[in-house]
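# Coordinate inspection notes
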Amino acid sequence: RERIAKLLRFESTISDDPESRTTLEEYMGRMPEKQTRIYYLGGPEPSSLRKNPNLEIFNRRKLEVILLSDPIDEFVMNALGGFQGKELTSIDSSDLDLPEAEESAAEKAESSESDSAGTSHVVELFRAALGDRVSDVRISKRLIDSPCCLVNAEGALSTQMQRLLKMANQPIPDSAKILEINPDAPLITRLRSLGTNTDHDGFIKQCALQLWANAMV
């Protein structure tokens, strides 16, 4: 398995050239010392993959992500499980286990603001509005610009794998996704300010449904 894995070639975020390919060994050679996993993201085509909001924290921290656009890639990753002691992890999983990074003073201030009571109120309204459409609503540590994203619960199949199994009319286990919101996005910041007046609770719940629908697309 390890010998065959060395032959695999993937597109990755290390290069913008769509013809460029990397091996798992080359990827590991570029990993930061504290990184314990090999990260990947699957989807229908490379151009849409590079716009995926789950990539935002990886781009900011300059953490490389393997991009999988061939349907067979997901099955290969699941069959491998890991490579040379490093677990293969889809970045749309709730359990990312990112390597620790030094936070700047500005980032610490943003984090403090993100934990405000206003944010907690918006999260509670989102949970009430979405109900069992999601398994949870929580503050995101992976989003930089986008207001929200959907991630898979720990142990669930990746989004692309679920899509492929549905296309093949194969049964997949039911698992509601987790909605993560970015408290620093302008839209969520505005909702936090509106949330100080309970008269706006109904509108915030409508926004929750709209954001969830957009994230599903």
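This text follows the structure it describes.
First, a word on scope: everything that follows refers to the structure included in this document. None of the values given here were measured: they were computed from a predicted structure. (Residues numbered from 1 in each chain as written. Predicted model: local features only at pLDDT ≥ 70, side-chain atom pairs only at ≥ 80, totals over all residues. Heavy atoms only, no water.)

Attention shifts here to the layout of surface pockets. Put simply, the second largest pocket is a space of about 510 Å³. Lining the second largest pocket are 20 residues, and of these Asn-52, Thr-159, Arg-163, Ala-215 and Val-217 sit closest to its centre. Of all the secondary-structure elements, those providing two or more residues to the lining of the second largest pocket are strand 2 (37-42), helix 3 (46-49), strand 7 (148-151), helix 8 (159-167) and helix 10 (201-216). (1 Å grid on protein atoms, 1.4 Å probe; cavity = no way out; pocket = protein on both sides within 12 Å on 5 of 7 lines; lining within 4 Å. Points joined across faces, edges and corners; volume = space filled by probe spheres on them. Helix = DSSP H or I, 4+ residues; strand = E, 2+ residues; numbered from the N terminus.)

Turning our eyes to something else, we now look at the packing of helix 9 (residues 186-194) against helix 10. Their axes nearest at 10 Å, the elements helix 9 and helix 10 cross at an angle of 160°. On the basis of their axis angle, the class for helix 9 and helix 10 is roughly antiparallel. Taken as a pair, helix 9 and helix 10 cross one another with a handedness that is left-handed. Only Phe-203, Ile-204, Cys-207 and Leu-211 of helix 10 make contact with helix 9, whose side of the interface consists of Leu-187, Ile-188, Leu-191 and Leu-194. Taken together, the residues of the contact of helix 9 with helix 10 sort by class into eight nonpolar, no polar and no charged. (Axes fitted to C-alpha atoms, helices over the stretch in contact; angles between N-to-C directions. Parallel < 35°, antiparallel > 145°, perpendicular 65-115°, else oblique. Left-handed = near helix turned anticlockwise from the far one by under 90°. Contact = heavy atoms within 4.5 Å. Nonpolar A, V, L, I, M, F, W, Y, C, P; charged D, E, K, R; others polar.)

Attention now goes to the packing of aromatic side chains. In the structure shown here, the tally under the stated rule is one aromatic pair. Aromatic side chains Tyr-39 and Phe-58 sit 5.0 Å apart centroid to centroid with 65° between the ring planes, which places their arrangement in the edge-to-face category. Of the two residues, Tyr-39 sits in strand 2 while Phe-58 sits in helix 4 (residues 56-61), which places them 19 residues apart along the sequence. Judged by its relative accessible area of 0%, Tyr-39 is buried. (Phe/Tyr/Trp six-rings, centres within 6.5 Å; stacked < 30°, edge-to-face > 60°. Buried < 20%, exposed > 50% of the residue type's maximum accessible area, 1.4 Å probe, protein only.)

Before going further, it helps to examine unusual backbone geometry. Where the residue is not glycine, phi is negative for most of them; where a peptide bond is considered, it is trans in most cases. In this model, Lys-62 sits at a positive phi of 60°, which is unusual for a non-glycine residue. One can find Lys-62 in the loop between helix 4 and strand 3 (66-68).

Here the focus is the sheet that holds strand 8 (residues 178-181). What the three strands build is an open sheet, ordered 6-8-7; its pairing is mixed. Each end of this open sheet is capped by a strand with a single partner; those strands are strand 6 (136-139) and strand 7. For this sheet, the mean inter-axis angle between neighbouring strands, taken without regard to orientation, is 25°. Sheet analysis places strand 7 next to strand 8, joined by four bridges and oriented antiparallel. (Pairing = 2+ DSSP bridges.)

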